[in-house]
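Coordinate inspection notes
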Amino acid sequence: GGGEVASEAGVASEAGVASEAGVASEVGVAGEADVAGEADVESEADVESEADVESEADIESEADVESEADVNSEFTDPEKVATVLAEWATGEAAAVRKAVSDSIATKQKIGRSDSAVGPADTSYAREMSILFRRSALLVIRDPMVFLGRCVMFICGCCFFAVIYIKARKRSQDQVISRLFLFMWHVGVPTSLGVVAVFAYNVEFNSVKKEVKNGLYRPMSYILANTVIQLPFMVILSMCTMTVSGYGIGDWYGPSYVMMVLTYASVLASFEGFAQVFSVAAQNPMVGMLFYMNIWFAAFLFCGVMVAQDDVIWPFKVFTYILPLNWGLRSMMFLEFNDASFSGAELCTESVAEGCLHHLTDSGEEIQPGWKCDDSVSLLQCTGRSGGQVLDSIGYNYQSISSEDTVGSDIGICLAIAAVTKICYVVLFRYKCMKSSELAPGEGGGAGGAAVWQERV
């Protein structure tokens, strides 16, 4: 009986184990089935997601192609392209184009007419005051135009004064050296105005945008710039000759003021040329080349390198319209006329042989004459007084004489400066008034393409 009980208990135990194992197995299988199911679901989701992304990418790609096809003839028929472009001249596109053109014209109202008043109803005085302060500030911040040239004028002219250091002595053998020292002082500083062409060109491109945007009138800028420019012509003239000429070269002191004013008028003429070429040429390098050509012509036809009577037409016109010829002869007069030169003495016709005289147009001797020391060559014997020396130089250099033409020469140089300033104003306003408007092409119809056209 006990054995049977034990046997039944063992069977029950084995059955329980088997049952538990079965349950566990079923649970494991179910768990694995759940995991596999979840993996399948995730895999299907990934596939669907990738399919959606690819589908969206295809749609975007097709949209891009369709967009490009609307405007690019390489992706669609030329007829469709022509239809799109034709819409620019008609319908809503035409209204937009007209609105843009009207907006441009409105912004340029001040640039087109100096009598027009801007949105802020700004007066000429107010605009000039603001532009004057800005120009004065730019002179300090950008020294290339004026302050830099002041330094270069001093250094360059001092160099020539040191090279011609012996010409500081007013003697017969240094007369011609003194003449050429004046040529270097007159010619070289004016050539450095070429840097102003570049600076004015850069400034003009900036000012042109501001004028076209209606910020101020073009004449307000021009007047403010002129107010800054004129005093600096006098300052540059002083820098040219104060240290080198009157300090090192021992020039004739009483003529200092008139000498400064005479050379300032010459500088004003060349400054006008610099402004004209800065606006006339879009590329500043081209404007600088134009300026250098004018300077070379002025230096060549100043009356020293070649006699004015020897220049043939039409080149002879340069002897009249360029300022160096007029400026040099007045500066020579101011320096020489009232001075005396050693190595010669005044004499009259009653004095012993050797007394030299200049002659009038009728052939009469001009009294008094002069007689040089025995140590002085006859070729170097030019006279005792400054007037005698000037007339002696004039035999070889026709533009130089003892005739007082300072007033007329300054007037001619200022007239040249005024003409160049007028040309500058005309070019300045013309380029500021130019604008662009949208207009249909020559075809005008379905095949007409929209183009930009310049108008004034």
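Residues numbered from 1 in each chain as written. Predicted model: local features only at pLDDT ≥ 70, side-chain atom pairs only at ≥ 80, totals over all residues. Heavy atoms only, no water.

Let's shift gears to the overall build of the protein chain. For the protein chain, the count of helices and strands is 15 helices and 4 strands. Within the protein chain, buried positions represent 39% of all 456 residues. Pairs at least 24 apart in sequence give 70% of the contacts found in the protein chain among residues at least 6 apart. Carbon and sulfur atoms make up 61% of the accessible area of the protein chain, which totals about 24,600 Å². (Helix = DSSP H or I, 4+ residues; strand = E, 2+ residues; numbered from the N terminus. Buried < 20%, exposed > 50% of the residue type's maximum accessible area, 1.4 Å probe, protein only. Contact = heavy atoms within 4.5 Å. Areas by Shrake-Rupley, 256 points an atom, 1.4 Å probe, with all protein chains shown as cover.)

Working definition: an aromatic ring pair is given by the centre-to-centre distance plus the angle between the planes. All told, the structure shown has 19 aromatic pairs when counted by the stated rule. Relative to tryptophan 251, the ring of tyrosine 246 lies with its centre 5.6 Å away and its plane at 70°, an arrangement referred to as edge-to-face. The class for tyrosine 246 is buried, based on a relative accessible area of 17%. Taking 5.7 Å as the distance between ring centres and 55° as the angle between the ring planes, the aromatic pair formed by tyrosine 424 and phenylalanine 428 counts as tilted. Taken as a pair, tyrosine 424 and phenylalanine 428 lie in helix 15 (residues 406-433) at a separation of 4 residues, close to a single helical turn. (Phe/Tyr/Trp six-rings, centres within 6.5 Å; stacked < 30°, edge-to-face > 60°.)

Mapped onto the present numbering, the UniProt feature "transmembrane region" (unreviewed entry) falls on residues 146-167, 179-200, 220-244, 256-277 and 289-307. Helix makes up 100% of residues 256-277 and strand 0%. Its end C-alpha atoms lie 32 Å apart. Helix makes up 63% of residues 289-307 and strand makes up 0%, while its end C-alpha atoms are separated by 26 Å. (UniProt positions renumbered as here; feature names shortened; annotations may be inferred.)

We now examine the state of the cysteines. This structure, assessed with the given rule, holds 2 disulfides. Linked covalently through their sulfurs, cysteine 347 and cysteine 355 form a disulfide whose S-S length is 1.9 Å. Its torsion about the S-S bond being 95°, the disulfide of cysteine 347 and cysteine 355 is classed as right-handed. A disulfide bridge connects cysteine 372 with cysteine 381, and the sulfur atoms are separated by 1.8 Å. Because the sign of the S-S torsion sets the handedness, a value of about 95° for the bond joining cysteine 372 and cysteine 381 places this disulfide among the right-handed ones. As far as burial versus exposure is concerned, cysteine 372 and cysteine 381 are alike and both buried. Disulfide partners in the protein chain, listed by the sequence order of the bonded cysteines, are 1-2, 3-4. (Disulfide = S-S within 2.5 Å.)

Moving on, we come to the pattern of salt bridges. Applying the stated criterion across every chain, the model contains 7 salt bridges. For arginine 329, the salt bridge is made with aspartate 409, and the minimal N-O distance between the two is 2.9 Å. Of this pair, arginine 329 sits in helix 13 (residues 324-336) while aspartate 409 sits in helix 15, placing them 80 residues apart in sequence. What makes aspartate 409 buried here is its relative accessible area of 1%. A single salt-bridge network, built from bridges that share partners, covers Arg170, Arg178, Asp250 and Glu335. (Salt bridge = Lys/Arg side-chain N within 4 Å of Asp/Glu carboxyl O.)

Attention shifts here to the nonpolar core. Counting residues in hydrophobic clusters, the biggest one holds 82 residues, and the most contacted among them are Phe146, Met332 and Ile393. Take this core: its biggest share by element is 13 residues, from helix 10 (residues 256-280). With residues near it in sequence (within four places) discarded, methionine 332 still touches Leu179, Phe182, Asn337, Leu390, Ile393 and Ile400. In this structure, Ala344, Cys372, Val376 and Cys381 belong to the second largest nonpolar core, which totals 5 residues. (Core = buried A, V, L, I, M, F, W, Y, C linked by side-chain atoms within 4.5 Å.)

This part takes up unusual backbone geometry. A cis amide bond links tryptophan 313 with the next residue in sequence, proline 314, at an omega value of 5°. Residue position: proline 314 is located in the loop between helix 11 (284-300) and helix 12 (318-321). The step from glutamine 367 to proline 368 runs through a cis peptide bond, and the omega angle for that step is -5°. Mapped onto the elements, proline 368 comes out in the loop between strand 1 (344-347) and strand 2 (369-372). A positive phi angle, near 55°, is found at aspartate 250, a position not held by glycine. Within the element layout of this structure, aspartate 250 appears in the loop between helix 9 (218-248) and helix 10.

Among the secondary structure elements, valine 389 is positioned in helix 14 (residues 386-394). The spatial distance from the C-alpha of valine 389 to the C-alpha of serine 340 is 8.9 Å, given a sequence separation of 49 residues. Residues contacting valine 389, with those up to four places away along its chain left out, are Val175, Phe336, Phe341, Thr382 and Gly383.

On to the environment of leucine 131, then. Note that leucine 131 resides in helix 5 (residues 124-141). Sequence separation between leucine 131 and serine 220 is 89 residues, and the spatial gap between their C-alpha atoms is 7.6 Å. Leaving out residues up to four positions away in the same chain, leucine 131 has contacts with Tyr216, Ser220, Tyr221 and Ala224.

Okay, the confidence of the model for the protein chain next. The predicted model of the protein chain averages 77 in pLDDT, with 70% of residues at 70 or higher. Confidence over residues 441-456 falls short of pLDDT 50; this stretch has 42 contacts with residues more than four positions distant or in other chains. (pLDDT = per-residue confidence, 0-100.)

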